[in-house]
Amino acid sequence: MRADARRNLVKILDAAAQVMAERGVNAPMELIARRAGVGVGTLYRRFPDRDALITALGEHYVQSLADALEEATAGERDAWNALRGFVLWAAAPGRVALAAVLAHVPQEAVAGTAEFAESKERWLGLLDGLVRRAQAEGGMRMDVTREDVVSLLNVFTCHPSGLPDPMAARPEKYLHLMLDGMAAHAATPLPGDRL
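Figured I'd write up the structure that's included with this text. Keep in mind it's a predicted model, so treat the numbers as computed, not measured.

1. Concerning unusual backbone geometry
Here comes step 1: Geometrically, the link from Asp165 to Pro166 is a cis peptide bond, its omega value of 0° lying close to zero.
Here comes step 2: The topology assignment puts Pro166 in the loop between helix H9 (146-158) and helix H10 (171-182).

Given below as structure tokens:
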């Protein structure tokens with residue numbers, strides 16, 4: 001892909017993420033093109049229909065999770081702090097809005113490509129490595145798994161409308177409380193588990 005085509009692709013995907021987070025999955029394609037600073041023809045040449053754009057946006061979102069996880073790991077020597085920082089980054093309002101939109105798109109529309117599968121495998125692998133490192137360093141409870149972190153992200157990023165009151169009014173407070181419960185200093189035996 002030529003450099004200018006690659007730049008346009010990134011601009012379109014970033015604009016689509018913003019517009020769909022604001023207006024939903026049926027946001028006008030013309031608005032996405034305008035926000036990206038490209039012509040509608042450029043948008044449709046790259047994405048012939050909304051489904052193609054949504055598929056690419058799903059892959060772009062998962063890729064952004066992997067990239068952010070790498071940045072968090074590289075920028076923080078303490079693995080628990082890196083993991084906590086990544087979860088809080090993923091739960092920022094704009095990213096939550098996009099994740100919630102993508103969560104309501106049929107799975108096969110978002111997850112049907114090899115690129116998506118590769119990006120998902122990469123970010124889950126990075127997450128697993130960071131969880132294990134945080135546990136080995138003594139910052140994270142030993143009975144927390146990668147799947148527990150994914151579930152936490154799923155609730156607070158993909159399905160925030162399902163949070164009960166008063167959690168829905170202050171999701172950041174409850175996310176911090178749940179993260180605190182994953183820290184090693186909070187480790188009391190869980191029902192049916194052993195530390």
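2. Focus: H10
Here comes step 1: Over its twelve residues, H10 extends 17 Å from the first C-alpha to the last, a length consistent with the 16 Å expected when each residue adds 1.5 Å.
Here comes step 2: Burial in H10 covers these residues: Tyr174, Leu175, Leu179 and Met182. One face of H10 carries all of its buried residues, which in axial projection span an arc of 140°.
Here comes step 3: Summarising the contacts, the buried residues of H10 are in contact with helix H5 (79-90) and H9.

3. Structural notes on the packing of aromatic side chains
Here comes step 1: Going through the model one piece at a time under the given rule, you end up with two aromatic pairs.
Here comes step 2: Pairing Phe86 with Trp89 gives two aromatic rings, centres 6.1 Å apart and planes at 25°, and the pair type is stacked. Separated by three residues within a single helix, Phe86 and Trp89 lie in helix H5, roughly one turn from each other.
Here comes step 3: On the basis of an interplanar angle of 45° and a centroid distance of 6.0 Å, the ring pair of Phe86 and Trp123 is categorised as tilted. Of this pair, Phe86 sits in helix H5 while Trp123 sits in helix H8 (residues 114-136); the two residues are 37 residues apart in sequence, bridging distant segments of the chain.
Here comes step 4: Through a chain of ring-to-ring contacts, three or more aromatic side chains come together here, namely Phe86, Trp89 and Trp123.
Here comes step 5: Lying across the ring of Phe47, Arg46 places its NZ or CZ 5.2 Å from the centre.

Conventions we followed
Residues numbered from 1 in each chain as written. Predicted model: local features only at pLDDT ≥ 70, side-chain atom pairs only at ≥ 80, totals over all residues. Heavy atoms only, no water. Helix = DSSP H or I, 4+ residues; strand = E, 2+ residues; numbered from the N terminus. Expected span 1.5 Å × (residues − 1). Buried < 20%, exposed > 50% of the residue type's maximum accessible area, 1.4 Å probe, protein only. Arc of directions from axis to C-beta. Contact = heavy atoms within 4.5 Å. Phe/Tyr/Trp six-rings, centres within 6.5 Å; stacked < 30°, edge-to-face > 60°. Lys NZ or Arg CZ within 6 Å of the ring centre and 35° of its normal.

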